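Fold and contact review
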Amino acid sequence: KMNFSTYVKQIEKDLGKKIKIFLGIKDPFLKSLLSKYFKKVGIKVIENFDKEIRLKDLNEFLEFIQKEKIQVILIDSENKEISSWIEQFKKIYSEIKILLILEIKVLEYLYLKKGKLVDFFTLGVDDIIFKPFSLEELQARMLRLLKDYYLMKKITSVLKEDPLTQVFNRRYFEETIREEVYRALRQKYPLTLIMLDLNKFKWYNDNFGHQAGDEVLRKVGELIKSCVRMGVDKVYRYGGDEFVILLPNIVCEKAIDVMHRIFKKWDELIYPITIAAGIAQLIPMESLELTVSDLIKRADLAMYEAKTKETNYCKIDPKSISLKEEKSEKKSENLFKEEIDLLI
């Protein structure tokens, strides 16, 4: 029978990353005990976030979670903002597992307030454990959470991710682009699409081999993800050496800043390959399908024009620039509403 420590090592080997947890626990004795236990079974405990977890500091905590690549969070119920905090956190990081530690007296409190334990799960809690608890019970609950996380990651990787670059695949792009465009039209915020292509990639692949070419593609995917907003922007491998970035609530001019970050980091890697990018902003058309296809077509054309430079270069689609000029003249507000009504 496989023990807990061996199972953790097997998951880490299969996923290619270390299992990490964060202890958002106020009780110093319990926190110290759990920290020692998890380290003993081979799970890395991240402890360098010293602030109390509060709703107003959520963005700072999200950046911390992104940087540390944490999979499980243990948190107690002493924080009064716990319900709002968990709900907001899970909207962005639904894949991260949350184990909530509760006092048994909470059941009496819920009964008096006509609440239900299931309400915590509705907010996004993945499991609950009541104090006092044994380490065996904790281990059983952690094992279930890690199994759920592992299966979710495997399913996601098959259905949504490109196995080489670890970004979303083209199939998932084609599934989500309509949803992203529809949401942008309904909520009246800008949506920008960036299409990227690698210059001289075929030459590099032919001269240095497919393994070297695969390494370049992995580096590109990793680099792009590091330059966009995690949980907000989406990065896809569109095919071959082409990538796509969807930027909600970003106008085309601001997308240039994203590309400049990408260019700067790419130059630091010193590959004999450059990146061409086409940038296009959403423009409402007669139907949702036409709006989607028009956005992709304009970004694609801009990208091919950028490729003629053979250097790191990004080109904004001319119609996207015209859109900005129209808005500055305040001509598009009513038109935008009318076109959304046509799409719905």
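Residues numbered from 1 in each chain as written. Predicted model: local features only at pLDDT ≥ 70, side-chain atom pairs only at ≥ 80, totals over all residues. Heavy atoms only, no water.

As for the sheet that holds strand 3 (residues 72-76)
Strand order in the open sheet formed by 5 strands is 2-1-3-4-5, with parallel pairing between adjacent strands. A single partner strand is all that each edge strand has here, and the edge strands are strand 2 (44-46) and strand 5 (127-131). Strand after strand, the sheet turns through a mean of 25° between neighbouring axes, direction not considered. Strands strand 3 and strand 4 (97-103) of the sheet are contacted by helix 4 (residues 82-92), whose axis makes an angle of about 170° with strand 4. (Pairing = 2+ DSSP bridges. Helix = DSSP H or I, 4+ residues; strand = E, 2+ residues; numbered from the N terminus. Axes fitted to C-alpha atoms, helices over the stretch in contact; angles between N-to-C directions. Contact = heavy atoms within 4.5 Å.)

Section: the sheet that holds strand 9 (residues 274-281)
Consider a sheet: its strands pair through backbone hydrogen bonds, and that pairing is either parallel or antiparallel. Read from one edge to the other, the open sheet built from 5 strands follows the order 7-8-6-9-10, with strand pairing classed as mixed. Each edge of the sheet is formed by a strand with only one pairing partner; in this case those strands are strand 7 (234-239) and strand 10 (313-316). Recorded for the sheet is a direction-independent mean angle of 20° between the axes of neighbouring strands. Where strand 7 lies against strand 8 (residues 242-248), 5 bridges are found, and the strand directions are antiparallel. Bridging from a neighbouring strand, Gly-239 pairs with Glu-242 of strand 8.

Considering the packing of helix 1 (residues 4-15) against helix 7 (residues 135-159)
Where helix 1 meets helix 7, the closest approach of the two axes is 11 Å, and the angle between their N-to-C directions is 15°. With respect to their mutual orientation, helix 1 and helix 7 come out roughly parallel. As for how helix 1 packs across helix 7, the hand of that crossing is left-handed. Two secondary-structure elements touch here, helix 1 through Phe-4, Tyr-7, Val-8, Ile-11, Asp-14 and Leu-15 and helix 7 through Gln-139, Met-142, Leu-143, Leu-146, Lys-147, Tyr-149, Tyr-150, Lys-153 and Lys-154. (Parallel < 35°, antiparallel > 145°, perpendicular 65-115°, else oblique. Left-handed = near helix turned anticlockwise from the far one by under 90°.)

Things to note about helix 12 (residues 288-307)
Here helix 12 spans 29 Å end to end across 20 residues, near enough to the 28 Å set by a 1.5 Å rise per residue. Those residues of helix 12 that fall on the buried side of the exposure criterion are Leu-288, Thr-291, Val-292, Asp-294, Leu-295, Ile-296, Arg-298, Ala-299, Ala-302, Met-303 and Ala-306. (Expected span 1.5 Å × (residues − 1). Buried < 20%, exposed > 50% of the residue type's maximum accessible area, 1.4 Å probe, protein only.)

As for the nonpolar core
One finds Ile-194, Leu-196, Ile-245, Met-259 and Ile-262 to be the most contacted residues of the largest nonpolar core, which totals 32 residues. Elements represented by at least two residues in this core include exactly strand 6 (191-199), helix 9 (201-208), helix 10 (210-226), strand 8, helix 11 (252-269), strand 9 and strand 10. Examining the composition of this core, we find that 7 residues originate from one element, helix 11, more than from any other. Setting aside residues up to four positions removed in sequence, Ile-262 forms contacts with Leu-196, Leu-223, Ile-224, Cys-227, Ile-245 and Ile-275. In terms of nonpolar packing, the next biggest core, distinct from the first, is built from 26 residues, Ile-25, Phe-133, Met-142 and Tyr-150 among them. (Core = buried A, V, L, I, M, F, W, Y, C linked by side-chain atoms within 4.5 Å.)

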